[in-house]
Amino acid sequence: MLQILNVKGTVNFLRHALPISIFSAVLVLGSIVTLATKGINWGLDFTGGTVVELEFSKPADLNAIRTNLSTEAVGGAVVQNFGSSRDVLIRLPVKDDFKSEDQVNDVMDAVTKLDSSVVQKRVEFVGPQVGKELAEQGGLAVLVALICILIYVSFRFEWRLALGSVAALAHDIIVTLGVFSLLQLEFDLTVLAGLLTVVGYSLNDTIVVFDRIRENFLKLRKSTPEEVVNISITQTMSRTIITTGTTLVVVVALFLKGGTMIHGFATALLMGIFVGTFSSIYVASFLAIKLGINREHMMPVEVEKEGADQDALMP
């Protein structure tokens, strides 16, 4: 049962901040251990492979194509529609025992059994080195995003709030990656896009709370930092519930009906929304309080008027 403060209608969220923060720390540590031991199941975008684009004479049956691609050379292929229902994109993983040409030949043998009029429109090979560069650039993109956010929030608010927001974002990313590592879900470019989307979504939620905290620090002069934070979170909670609820409706629809192509993207968003919502409250705000945020830190800097020192010396 949540405790109610003296301010009418305000819920004492921070009463549960310590145990939830400990739980978050355990999640982060567990995710790091999982990433270190099991690693990430990199998709073809990062490991490299062969891409075959086909055009069928009628709408393609993706399940039948996957069933026919059961040979050792093309096992683990990703089959998805590309544009219309007659266009199919098949991505083949790199296998040391088989050449790319042999894999393509096996694919054509398999799909010809389903449609003798199938046309091979494009064949591309992506080497492992290109995939490695993509992984490095993706990680760098996330790191640069966090640094830019730290600088932005430091200028807009205060460095204690900035550290809280970046800690919350890092928490969201690490926990989401930990889930992908634990379940060995495929990590491709769509998942990376989902992670960057989670960063933006979580930051937006945190900024709304911080903006209200700054306003209330200036209004509620006699309130403690804990009371100001609780009041601010309570005032923004209706907005958080509505935003999270409407976003979840769309993401759940993408997760259930979006198909294989964006399944990883929807999974990353689904995880990120849940984790990001409570991290905005129990990681960002609680860490700012532990760093000693108070009303004086929120006061605007007074600019001394030109000539004020001379006026003070005049009799």
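Scroll up for the structure.
In this report, we go over the structure that sits alongside the text. (Residues numbered from 1 in each chain as written. Predicted model: local features only at pLDDT ≥ 70, side-chain atom pairs only at ≥ 80, totals over all residues. Heavy atoms only, no water.)

## Looking at the overall build of the protein chain
- For the protein chain, the helix and strand inventory stands at eleven helices and six strands.
- Here the protein chain, with 315 residues, has 42% of them falling under the buried criterion.
- Across the protein chain, contacts joining residues at least 24 apart in sequence account for 75% of those joining residues at least 6 apart.
- For the protein chain, the exposed surface amounts to about 16,900 Å²; the carbon and sulfur share of it is 63%. (Helix = DSSP H or I, 4+ residues; strand = E, 2+ residues; numbered from the N terminus. Buried < 20%, exposed > 50% of the residue type's maximum accessible area, 1.4 Å probe, protein only. Contact = heavy atoms within 4.5 Å. Areas by Shrake-Rupley, 256 points an atom, 1.4 Å probe, with all protein chains shown as cover.)

## Side note on the pattern of salt bridges
- This model, assessed by the stated rule, comprises seven salt bridges.
- Lys121 is paired through a salt bridge with Glu53; the nearest N and O atoms lie 3.7 Å apart. One end of the pair, Lys121, is in strand β5 (residues 119-126); the other, Glu53, is in strand β2 (residues 49-55), with 68 residues separating them in the sequence.
- Using a relative accessible area of 45% as the deciding quantity, one classes Lys121 as partly exposed.
- Owing to a relative accessible area of 9%, Glu53 belongs among the buried residues under this scheme.
- Glu55 is the partner of Arg86 in a salt bridge, and the nearest nitrogen-oxygen pair spans 3.5 Å. (Salt bridge = Lys/Arg side-chain N within 4 Å of Asp/Glu carboxyl O.)

## What to know about the side chain of Asp205
- Position of Asp205 among the secondary structure elements: in helix α7 (residues 189-219).
- A distance of 2.8 Å separates polar atoms of two side chains, one belonging to Asp205 and the other to Arg239.
- Aside from chain neighbours lying at most four places away, what touches Asp205 is Arg239, Thr240, Thr277 and Ser280. (Polar contact = N/O pair within 3.5 Å; in protein donor to acceptor, adjacent residues only side chain to side chain.)

## Regarding the pairing of strand β4 (residues 84-93)
- The element β4 is largely enclosed, with a buried count of seven among its ten residues.
- One ladder, built from seven bridges, connects β2 with β4; its direction is antiparallel. Its bridge partner lying in β4, Glu55 is registered against Asp87.
- Summarising the sheet, strand β3 (residues 78-82) and β4 pair through five bridges and their orientation is antiparallel. Each bridged residue has a counterpart across the sheet, and for Val78 the counterpart in β4 is Arg91. (Pairing = 2+ DSSP bridges.)

## Points about the nonpolar core
- Phe13, Ile149, Val153, Phe187, Ile213 and Ile233 are the most contacted members of the largest nonpolar core, which totals 42 residues.
- Listing elements by their share of this core, those giving two or more residues are α5 (128-156), α6 (159-183), α7, α8 (225-257) and α9 (263-290).
- If one sorts the elements of this core by residue count, α7 sits on top with ten residues.
- When neighbours within four sequence positions are excluded, Phe187 is seen to be in contact with Ile40, Asn41, Trp42, Gly43, Phe46, Leu177, Leu192 and Leu195.
- If you look at the next biggest cluster of nonpolar residues, it comprises 19 residues, including Phe56, Leu62, Met108 and Val118. (Core = buried A, V, L, I, M, F, W, Y, C linked by side-chain atoms within 4.5 Å.)

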